[in-house]
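# Architecture at a glance
Here's the letter readout for the chains.
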Amino acid sequence: MALPVTDLRALVTALPGMDALLPALAELGEPSYLVGGAVRDVLRGARSVDLDVAVEGDGPAAARALAERLGGSVVLHDRFSTATVRAGSLAVDLAGTRREVYTRPGALPTVEPASLVEDLGRRDFTVNAMAIGLTGEALGRLRDPGGGRADLETGLIRTLHPASFLDDPTRLLRALRYESRLGFALERETARLAREAAEAGALSTVSGVRVRVELMDLLAEPEAPRSVTRLAELGLDHALHPAVDADPELVAAAKLGALETGASPALTALAALCAGRPEVRASARDELEVWVEALGLPGPARDAVLRAAAYANALAKALRASWRPSELHELLEGEPPEPLALALALGAPEEVVLLYTRRLRSVRLEISGADLLAAGVAESPAVGLALRETLRRKLDGELCGREEELRTALELAREAT
Ligand code: ATP
């Protein structure tokens with residue numbers, strides 16, 4: 001629920017960073033506003049927000065002038081004429097107010113300078129389409145042409161116009177992320193439009209990379225399982241890919257498993273969506289793999305997701321057998337943490353997984369090959385084999401301490417040569 005805001009000016013002025021920012025913006029002489037999610041969060045009672053500022057005027061020129069006044073630096077992100085200004089602990093994202101023109105559904109928009117009202121009108125949802133003045137008489141004044149404040153109070157996520165999801169289908173994923181994070185619901189007509197866009201295949205008009213950015217943000221949220229339920233309710237799971245399995249309980253368990261194993265919660269949750277129901281898995285695995293590849297994750301992250309999706313069920317089953325510590329180490333050594341996290345979610349015994357992640361994973365010998373060579377053993381594959389067998393014995397608790405390690409490894413290496 002939005003807090004009753006009696007004095008928005010006082011709230012905005014008290015935000016961290018505003019003591020330096022407000023006088024510098026006043027000197028620029030251009031009308032400036034706090035915009036987007038920052039306004040939403042201030043109205044919901046946040047006392048500290050990311051400073052997203054829109055200037056009615058030339059954004060990059062304003063950013064350079066602001067950096068100069070604050071004695072800071074500026075980085076321009078040219079595609080949408082946005083900039084980040086940093087000065088000491090202050091970081092401000094700044095852009096000129098602009099309108100967006102979509103040349104075809106799902107494409108990135110063409111951007112042109114425009115008024116504040118048009119800038120607010122290009123945004124995703126009413127609750128993200130408000131501004132608070134930061135300069136002159138407008139300081140602390142709320143601009144809310146879309147009715148975002150009322151939607152904040154009633155807890156609704158509402159698009160600003162009927163073509164919104166078709167223009168930018170990533171908003172479908174954003175909508176569910178905000179629903180879950182804020183504990184809100186899609187407004188009725190917005191929900192209908194979302195279903196319609198999902199059915200019409202809107203998500204297939206967007207690049208895999210843009211889908212991934214929003215999907216990973218959605219999966220990274222603490223309330224991600226609720227979003228996963230909603231993916232299925234709105235038909236967005238199959239709009240992502242027909243073999244995606246939106247199982248909220250598995251996603252919740254996968255995120256817990258990630259915490260226990262040091263895996264990435266969002267990557268493990270993505271793998272959970274792809275691990276699928278057993279009957280779908282075999283036939284659709286190749287297609288799902290192509291879909292995951294198209295998301296454009298960095299190589300190691302992509303490999304961890306694919307490995308987890310393909311292997312976690314078998315791993316969960318394997319881990320139910322009884323293992324000596326050294327065997328467990330051998331089974332899991334070199335495995336990224338995501339398959340292990342998902343295996344845990346799929347029923348691998350917790351004590352076995354924790355034995356590995358908390359203890360065995362970090363066990364190392366105190367000696368190295370150099371110690372064996374220094375003791376007169378000739379360089380040969382026997383050195384590596386002796387070290388490996390010594391590690392095995394250490395893992396199984398058969399020896400302890402540097403001296404015993406060295407004695408054992410030397411014996412083994414000498415026996416073998
Ligand atoms: P968060 O708290 O998750 O960072 P945010 O609202 O700040 O939320 P950003 O993704 O940082 O979200 O985007 C900043 C603002 O830009 C949003 O509040 C919204 O007004 C606008 N925006 C971002 N993505 C879109 C989009 N796909 N379509 C329209 N407007 C968008």
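Residues numbered from 1 in each chain as written. Predicted model: local features only at pLDDT ≥ 70, side-chain atom pairs only at ≥ 80, totals over all residues. Heavy atoms only, no water.

Attention now goes to the domain arrangement of the protein chain. Along its sequence, the protein chain is carved into domain 1 (5–154), domain 2 (155–240), domain 3 (241–363) and domain 4 (369–416). The centre of domain 1, based on its C-alpha atoms, is set 64 Å off from the matching centre of domain 4. (Domains from an automatic or database assignment.)

A water-sized probe rolled over the atoms picks out the places where empty space is left. Taken as a whole, the largest pocket spans an internal volume of roughly 1200 Å³. Lining of the largest pocket is provided by 40 residues; of these, Asp52, Arg98, Arg122, Arg123 and Arg174 occupy positions nearest its centre. The set of elements that each furnish at least two residues to the lining of the largest pocket consists of α3 (37–43), β2 (51–55), β5 (90–96), β6 (98–101), α8 (170–182) and α10 (208–220). With 6 residues, α8 is the largest single contributor of residues to the lining of the largest pocket. Looking at the lining of the largest pocket, its residues break down into 13 nonpolar, 8 polar and 19 charged. (1 Å grid on protein atoms, 1.4 Å probe; cavity = no way out; pocket = protein on both sides within 12 Å on 5 of 7 lines; lining within 4 Å. Points joined across faces, edges and corners; volume = space filled by probe spheres on them. Helix = DSSP H or I, 4+ residues; strand = E, 2+ residues; numbered from the N terminus. Nonpolar A, V, L, I, M, F, W, Y, C, P; charged D, E, K, R; others polar.)

The environment of the ligand is formed by 14 residues, the closest being Arg40, Asp168, Arg171, Arg177 and Arg181. A distance of 3.0 Å separates an oxygen atom of the ligand from a polar backbone atom of Asn128. Taking Asp168, its side chain carries an N or O atom lying 2.8 Å from a nitrogen atom of the ligand. Computed on the free molecule, the ligand has an accessible area of 580 Å², of which 71% lies beneath the protein chains in the complex. Listing elements by their share of the shell around the ligand, those giving two or more residues are α3 and α8. (Near = heavy atom within 4 Å. Polar contact = N/O pair within 3.5 Å; in protein donor to acceptor, adjacent residues only side chain to side chain. Areas by Shrake-Rupley, 256 points an atom, 1.4 Å probe, with all protein chains shown as cover.)

Attention now moves to the nonpolar core. Residues Met18, Leu34, Ile157, Leu219, Leu270, Trp291 and Leu342 are the most contacted members of the largest nonpolar core, which totals 91 residues. If one sorts the elements of this core by residue count, helix α14 (residues 265–275) sits on top with 9 residues. For Ile157, the residues in contact, after removing those within four places along its chain, are Phe125, Val127, Ala175, Tyr178, Glu179, Leu182, Phe184, Ala185, Leu186, Glu187 and Thr190. If you look at the next biggest cluster of nonpolar residues, it comprises 16 residues, including Ala348, Leu360, Val363 and Leu395. (Core = buried A, V, L, I, M, F, W, Y, C linked by side-chain atoms within 4.5 Å. Buried < 20%, exposed > 50% of the residue type's maximum accessible area, 1.4 Å probe, protein only. Contact = heavy atoms within 4.5 Å.)

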